[in-house]
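Breakdown of the fold
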Amino acid sequence: MRRSFKFLLRPTGKQSTALTEMLRDHCSLYNGALQERRDAHRHLSKTTVRYRDQSAQLKDIRAFDPERHGRWSFSSQQATLRRLDKAFAAFFRRVKAGDRPGYPRFRGACWFDTVEFPKDGDGCRWDSTPKDTVRRVRLQGVGHVRVHQHRPVTGIVKTISVKREGGRWFVILSCDGVPAVPLPVTGRQVGIDMGIAHFLTTSDGTHVANPRHGRDAAAALKQAQQMLSRCRHGSNRRREARRRVAALHAAVRRRRLDHAHKAALALVRDADVIAYEALRIANMVRAPKPRPDPEQADVFLPNGAAAKAGLNRGIHDAGWGVFLGILEGKAESAGRRLVPVDARDTSRTCPDCGHVAKDNRLAQAEFVCVACGHTANADVVGALNVAHRAGLVLREAPVA
């Protein structure tokens, strides 16, 4: 399996300055390569500049500016150019597919936060001081940086990335050949229904509370953002206010991830087969289209955008997509099976008689079948239907 391990770095003052300069110079390289591609395309000759052309210029760039670009790893600079090349490839793919393209943009100093080293030992070295009791990673131009390693690293380290999150620095190891650690067989199969009132509900009637971390931090975040808007651009007060906003966002993100990890681990330990709704979250949080008034020009009718915005905020705060990604990784590592099922009408189908009707669920939490009178919690009904559909999927699956 391919897995990533993320650890907090504890650099010294000089190393923090060097890490910041490394990000700055890689950002400058990214923006310079983007500008070259834009200028070449706007020229009358419509010249196309590709990765191999820009990579061939790196040697001259490093020789011309040894104090900045010459300090850093050649391979990491190539990875930055590949990053730009991937952005252009994605842009042309969207253009060809007829989607909204989104031309690659220049990166500001605060919007470029990751440097990748494509190979362990080429410009970087994990566990660079093996005889020392403290784990360190060596980065070219920075030195041996102390790592707060809170769990063992398994597999073979393939790539190493350094990332800045607010005022913290992290090292991310991408490892191949990570062995699975199967959990004991439980003989249980469970379906889950994700929601807003409850984070998730299992088919056996267990509700997992929705912590709503974003809502709890909304007042403090609003105050911090108001203070940021009042500060003069370029001032020290604005810099401190921006750090405060970033710290609040980071705290909410960490809490949300912690809750998702704990909920996913509990499911993986409890069941061999976990069924979930294959939700299209991007479509669910899409804003409603405007409703022009057919009788008046330039006048629009109410379209429920305000209510939809509140629902979208709740979905984002719950973090369904993050949770499902974590659940998939934990299930694979533990030898469990995940079964995605069709999410249509799971909360409108009676688990007793199979009758499907919108009127079966008139309230948020109450389910009353209009055909047979079956009454239950609506979230539990949804989870039961998910588990039933998963059983059908497993029954129809070919035997390996």
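Preceding this paragraph is the structure being described.
Residues numbered from 1 in each chain as written. Predicted model: local features only at pLDDT ≥ 70, side-chain atom pairs only at ≥ 80, totals over all residues. Heavy atoms only, no water.

**Observations concerning the pattern of salt bridges**
- Counting across every chain of the model gives 20 salt bridges.
- The salt bridge involving Asp25 is made with Arg24; its shortest N-O contact spans 3.1 Å.
- For Arg336, the salt bridge identified is with Asp272, shortest N-O distance 2.8 Å. Here the residue Arg336 occupies a position in the loop between helix H10 (320-334) and strand E14 (337-341), and Asp272 occupies one in the loop between helix H7 (236-270) and strand E11 (273-277), the gap between them amounting to 64 residues.
- The class of Arg336 is buried, set by a relative accessible area of 11%.
- Sharing partners across several salt bridges, the network here consists of Lys6, Lys163 and Glu165. (Salt bridge = Lys/Arg side-chain N within 4 Å of Asp/Glu carboxyl O. Helix = DSSP H or I, 4+ residues; strand = E, 2+ residues; numbered from the N terminus. Buried < 20%, exposed > 50% of the residue type's maximum accessible area, 1.4 Å probe, protein only.)

**Here's the deal with the packing of aromatic side chains**
- Counting across every chain of the model gives 7 aromatic pairs.
- Here the aromatic rings of Phe199 and Phe323 are separated by 5.1 Å at their centres, their planes lie at 80°, and the arrangement is edge-to-face. On the criterion of sequence distance, the pair formed by Phe199 in strand E9 (residues 198-202) and Phe323 in helix H10 is long-range, its members being 124 residues apart. There is no split in this pair, since Phe199 and Phe323 are both buried.
- Within the aromatic cluster, the residues linked to one another by ring pairs are Phe88, Phe91, Phe92 and Tyr103.
- Geometry around Phe112 places Arg83 over its ring, the cationic atom sitting 4.3 Å from the centre. (Phe/Tyr/Trp six-rings, centres within 6.5 Å; stacked < 30°, edge-to-face > 60°. Lys NZ or Arg CZ within 6 Å of the ring centre and 35° of its normal.)

**Some remarks on the packing of H7 against H10**
- Packing of H7 against H10 leaves a shortest axis separation of 9 Å and a crossing angle of 40°. Here H10 runs oblique to H7, going by the angle between their axes. Classified by chirality, the crossing of H10 by H7 is right-handed. Of H10, the residues touching H7 (which contributes Leu257, Ala260, His261, Ala263, Ala264, Leu265, Leu267 and Val268) are Val322, Phe323, Ile326, Leu327, Lys330, Ala331 and Ala334.
- For the contact of H7 with H10, a count of residues per class yields 13 nonpolar, 1 polar and 1 charged. (Axes fitted to C-alpha atoms, helices over the stretch in contact; angles between N-to-C directions. Parallel < 35°, antiparallel > 145°, perpendicular 65-115°, else oblique. Left-handed = near helix turned anticlockwise from the far one by under 90°. Contact = heavy atoms within 4.5 Å. Nonpolar A, V, L, I, M, F, W, Y, C, P; charged D, E, K, R; others polar.)

**Points about a positive patch on the surface**
- Taken together, the side chains of Arg10, Arg146, Arg168, Arg254 and Arg255 present a region of like positive charge at the surface.
- Mapped onto the elements of the fold, Arg255 is located in helix H7.
- Given the relative accessible area of 45%, Arg255 is considered partly exposed. (Patch = residues over 30% accessible without salt bridge, like charges linked within 9 Å, V, L, I, M, F, W, Y side chains within 5 Å. Areas by Shrake-Rupley, 256 points an atom, 1.4 Å probe, with all protein chains shown as cover. Lys, Arg positive; Asp, Glu negative; His and termini not counted. Charge placed at Lys NZ, Arg CZ, Asp CG, Glu CD.)

**Quick notes on the side chain of His26**
- For His26, the location among the structural elements is in helix H1 (residues 13-42).
- For His26, a relative accessible area of 1% puts it in the buried group.
- Polar contacts involving the side chain of His26 include one to the main-chain carbonyl oxygen of Met22, which spans 2.9 Å.
- In this structure, His26 is in contact with Trp72, Ser76, Gln77, Thr80, Phe112 and Val115, ignoring residues within four places of it in sequence. (Polar contact = N/O pair within 3.5 Å; in protein donor to acceptor, adjacent residues only side chain to side chain.)

**Description of the nonpolar core**
- Counting residues in hydrophobic clusters, the biggest one holds 36 residues, and the most contacted among them are Trp126, Leu139 and Leu173.
- The greatest single-element share of this core, amounting to 9 residues, is contributed by H1.
- With sequence-adjacent residues up to four places away left out, Trp126 is seen in contact with Phe7, Asp120, Arg135, Arg136, Val137, Val147, Gln149, Val153, Val157, Ile160, Val171 and Leu173.
- Counting residues in each nonpolar core, the second largest holds 24 residues, with Phe199, Ala263, Ala271 and Ala331 among its members. (Core = buried A, V, L, I, M, F, W, Y, C linked by side-chain atoms within 4.5 Å.)

**Concerning unusual backbone geometry**
- Of note in this structure, Asp127 is not a glycine but carries a positive phi near 55°.
- The residue Asp127 is located in the loop between strand E3 (124-126) and strand E4 (136-139) in this model.
- Its relative accessible area of 23% is what places Asp127 among the partly exposed residues.

**Observations regarding the sheet that holds E3**
- Overall, antiparallel pairing links the 7 strands, which are arranged E2-E6-E7-E1-E5-E4-E3 in an open sheet. The sheet is open, and its two borders are formed by strand E2 (114-117) and E3, each paired with just one other strand. Looking at each pair of strands side by side, their axes are set apart by 30° on average, direction ignored. (Pairing = 2+ DSSP bridges.)

**Some points on the environment of Phe367**
- Assignment of secondary structure puts Phe367 in strand E15 (residues 366-368).
- Under the relative-accessibility criterion, Phe367 is labelled buried at 0%.
- The spacing of Phe367 and Asp193 is 174 residues in sequence and 14 Å in space, taken between C-alpha atoms.
- Setting aside residues up to four positions removed in sequence, Phe367 forms contacts with Ser347, Arg348, Thr349, Cys350, Pro351, Asn360, His374, Thr375, Ala376, Asn377, Ala378 and Val381.

**Section: the pairing of strand E5 (residues 143-148)**
- Taken together, the 3 bridges between strand E1 (residues 3-10) and E5 define a ladder with antiparallel strand orientation. What sits directly across from Leu8, in E5, is His148.
- Taken together, E4 and the strand that follows it, E5, pair antiparallel across an intervening segment of 3 residues, in which Gly141 is found at a positive phi of about 90°.

**Some words on the side chain of Arg38**
- Structurally, Arg38 can be placed in helix H1.
- Look at Arg38: it is buried, it has no salt bridge, and the nearest opposite charge is Asp39 at 5.8 Å.
- With sequence-adjacent residues up to four places away left out, Arg38 is seen in contact with Tyr103 and Phe106.

**Describing the sheet that holds strand E8 (residues 189-194)**
- Spatially, E10-E9-E8-E11-E14 is the arrangement adopted by the 5 strands of the open sheet, whose pairing is mixed. With one partner strand each, in any of the chains shown, strand E10 (207-209) and E14 form the two edges of the open sheet. Mean inter-strand twist for the sheet, computed between neighbouring axes without regard to direction, equals 25°.
- Pairing analysis gives 5 bridges linking E11 to E14, with the strands arranged parallel. From the neighbouring strand, Tyr276 faces E14, where its bridge partner is Pro340.
- Those strands touched by H7 are E8, E9, E10 and E11, and its axis lies near 0° from that of E9.

It is worth stressing that arrangement in space is one thing and function is another; only the former is reported here.
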